[in-house]
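# Residue-level structural notes
Here are the chains, one letter per residue:
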Amino acid sequence: MFCKECQPRLFHSIKYSGRSTNVKHGKFVQLWAKLLEEKDPRSLSLASFVREYTLTRWHTNEEPARWFFISFMNKHLSTALNFTHLRSVTIRNSPLLPEAFNALAQMSRVRKVMLDTCTIPSHGTAEIKPPLRARWTHFSTFRTFFPTSFCRILVQFVDVDGLEYLSLDHWKPVRAILGDRRAPQLRELRFSVYAKEDDFDGLYILENAPGATVLHVPTPIPHLSKPIPPHIMPLLTELQACPTLATQIIPGRPITSLYLVGGLNTLTPMKYSFGGILSLTINGSSVSSIGSDDFPYLETLE
C-alpha cells in the first residue's frame, strides 16, 4: 500500500544534473535509463508517473568534455520518451542541438517547455524534424536567444490556437509565432526589445493576443510606429513597460497593476491615463514626487 500511494508522488518530478556529486543517484539514473531502453515492465510503470522533467547543468567550457556532456544530455532526453504522461520539460544551463529538438518533437503530451540559459547554435536547423502537430501551450525562455534561422522552427512546436503563456527573451521569435495567426487563449505575453532595434513593431505582435490580461515588456523601446488603438488587448489588467508604451496602451483598458521601467521624472502628465491603478512599481526612474490626486485608487506603491 505504501509503494502504491507514494510512487506517483516520488516520480512526479524527475531532475537530472550533469554536475551531480551524488554517486549513488548517478548510478540509479544510469540503471533506470538502461532498464527503460530495454523496456523493463517495472521501470516503464514508474516512468508513467512522471509529469515534470528537468535537465540542468549539461554544459562545459572544456572542449574535450563538451561532446560527452551533449551526448549524455541527448540520451536523457531520449529516455524521457518513455515518460508517457509527461506534461512539462525544463532545460537549464545546457546546449541544445538538433537532437534535443527532435526528442522534444516526439514528446506528444508535453504542453509546457522552459529553456533557461541554454545555447542554441545557428546551424543545424535542416536536421530538426518538427512534430506533426504543434502542442506547446506554455513556452518560456530566460537568457536563451534563438538565431533567426530557428524562428520558423519554433512556429511548428507552439500550438498558437491553444497558447496560454508566452515569455521569450526577444521579440522576434514572438513575432514569428504570433505573426500570421491570433492566439485566442493567450493570457500572458512577455518579451524584450533592445534599444538599437529600430524595426520593432509592437502593434504587429499585440494585435494577435486579443485576450491577454498580462503584458510584460521589461526593456525600454526605441519608439512606436503608430498609436495603439483601444481594440488591441482590451482585457489587459497588468502591465510592465517603459513610459513610451505605458502612456499609449493604458487609456481605455482596465489596468490595475503597473510596473514602470526606464527613465521618468514626473508622473503628473500621465495621471489621467493611470487613474485606475491600484498597484504601482517604479524601477530605474527618479520620480521626485507623486501628487495626491495622481492615483486616487492607489493601494500599493513600491
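Whatever comes next refers back to the structure up there.
Now for a quick tour of the structure. Predicted model only: the values in this text are computed from it and were never measured.

Looking only at helices and strands, one finds nine helices and twelve strands in the protein chain. Residues counted as buried form 48% of the 302 residues belonging to the protein chain. Pairs at least 24 residues apart make up 56% of the contacts formed inside the protein chain by residues separated by at least 6 positions. For the protein chain, the exposed surface amounts to about 15,400 Å²; the carbon and sulfur share of it is 53%.

Along helix H7 (residues 171-178), the residues classified as buried are Trp171, Pro173, Val174, Ile177 and Leu178. Taken around the axis of H7, the buried residues stretch over an arc of 160 degrees, which confines them to a single face.

Tallying each qualifying case throughout the model produces seven aromatic pairs. A centroid spacing of 5.3 Å and a plane angle of 75 degrees characterise the contact between Tyr53 and Phe83, whose relative ring orientation is edge-to-face. Separated by 30 residues along the polypeptide, Tyr53 in strand S2 (residues 52-56) and Phe83 in the loop between helix H4 (63-79) and strand S3 (88-92) bring together distant segments of the chain. Here Tyr53 falls in the buried class, since its relative accessible area comes to 1%. Taking 6.1 Å as the distance between ring centres and 70 degrees as the angle between the ring planes, the aromatic pair formed by Phe101 and Phe157 counts as edge-to-face. Highlighted residues: Phe101 in helix H5 (residues 98-105) and Phe157 in the loop between helix H6 (148-154) and strand S6 (165-167), separated in sequence by 56 residues. Here Phe157 falls in the buried class, since its relative accessible area comes to 1%. Grouped by ring-pair contacts, the aromatic residues Phe101, Trp136, Phe139, Phe146, Phe150 and Phe157 constitute a single cluster.

Our focus in this paragraph is the pairing of strand S11 (residues 279-283). The pairing of strand S10 (residues 257-261) with S11 spans five bridges and is classified as parallel. Within S11, the position partnered with Val261 by the bridge is Asn283. Pairing analysis gives two bridges linking S11 to strand S12 (residues 300-301), with the strands arranged parallel. Each residue of the ladder has a partner; that of Leu280, found in S12, is Leu301.

Before going further, it helps to examine the pairing of strand S5 (residues 138-142). Strand direction decides the pairing type here: strand S4 (residues 112-116) and S5, joined by five bridges, are parallel. Residue Met114 lies in a different strand from S5, and its bridge partner there is Ser140. Two elements, S5 and S6, share three bridges in a ladder whose sense is parallel. If you follow Ser140 over to S6, its bridge partner there is Ser167. Between the parallel elements S5 and S6, the chain passes through H6 in a crossover that is right-handed.

For His138, the location among the structural elements is in strand S5. Separated by 27 residues in the primary sequence, His138 and Tyr165 place their C-alpha atoms 4.7 Å from one another. Among all residues touching His138, those that are not within four sequence positions of it are Arg111, Lys112, Val113, Leu163, Glu164 and Tyr165.

A separate point is the pattern of salt bridges. Note that side chains of opposite charge can pair when their charged atoms are close. In the structure shown here, the tally under the stated rule is four salt bridges. Residue Glu38 is joined to Lys34 by a salt bridge in which the shortest nitrogen-to-oxygen separation is 2.6 Å. According to the relative accessible area criterion, Lys34 is partly exposed, its value standing at 47%. Two residues, Asp116 and Arg92, come together in a salt bridge whose shortest N-O distance is 3.3 Å. Residue Asp116 is located in strand S4, and its partner Arg92 is located in strand S3; the two are separated by 24 residues in the primary sequence.

This part covers the nonpolar core. By size, the foremost hydrophobic cluster in this structure holds 78 residues, and its most contacted members are Phe139 and Leu189. Counting residues per element, this core draws most heavily on H5, which supplies five residues. Setting aside residues no more than four positions away along its own chain, Phe139 makes contact with Val113, Leu115, Phe146, Leu154, Val158, Tyr165, Leu166, Ser167, Leu168 and Ile177.

Within the secondary structure, Asp159 is located in the loop between H6 and S6. Although buried, Asp159 forms no salt bridge, and the nearest oppositely charged side chain, Arg133, lies 5.2 Å from it. In this view, Asp159 contacts Ala134, Arg135, Trp136 and Thr137; residues no more than four positions away in its chain are not counted.

Turning our attention to the environment of Leu168. For Leu168, the location among the structural elements is in the loop between S6 and H7. As for Leu168 and Thr141, which are separated by 27 residues in sequence, their C-alpha atoms are 5.0 Å apart. The residues touching Leu168, leaving out its near neighbours within four places in the chain, are Phe139, Ser140, Thr141, Pro173, Val174, Ile177, Arg190, Phe191 and Ser192.

Turning our attention to unusual backbone geometry. Look at Lys39: it is not a glycine, yet its phi comes out positive at around 60 degrees. Of note, Lys39 is situated in the loop between helix H2 (23-37) and helix H3 (41-47). Although it is not a glycine, Thr117 sits at a positive phi angle of roughly 55 degrees.

Cut-offs applied
Residues numbered from 1 in each chain as written. Predicted model: local features only at pLDDT ≥ 70, side-chain atom pairs only at ≥ 80, totals over all residues. Heavy atoms only, no water. Helix = DSSP H or I, 4+ residues; strand = E, 2+ residues; numbered from the N terminus. Buried < 20%, exposed > 50% of the residue type's maximum accessible area, 1.4 Å probe, protein only. Contact = heavy atoms within 4.5 Å. Areas by Shrake-Rupley, 256 points an atom, 1.4 Å probe, with all protein chains shown as cover. Arc of directions from axis to C-beta. Phe/Tyr/Trp six-rings, centres within 6.5 Å; stacked < 30°, edge-to-face > 60°. Pairing = 2+ DSSP bridges. Right-handed = clockwise from strand over helix to strand, strands pointing away. Salt bridge = Lys/Arg side-chain N within 4 Å of Asp/Glu carboxyl O. Core = buried A, V, L, I, M, F, W, Y, C linked by side-chain atoms within 4.5 Å. Lys, Arg positive; Asp, Glu negative; His and termini not counted.

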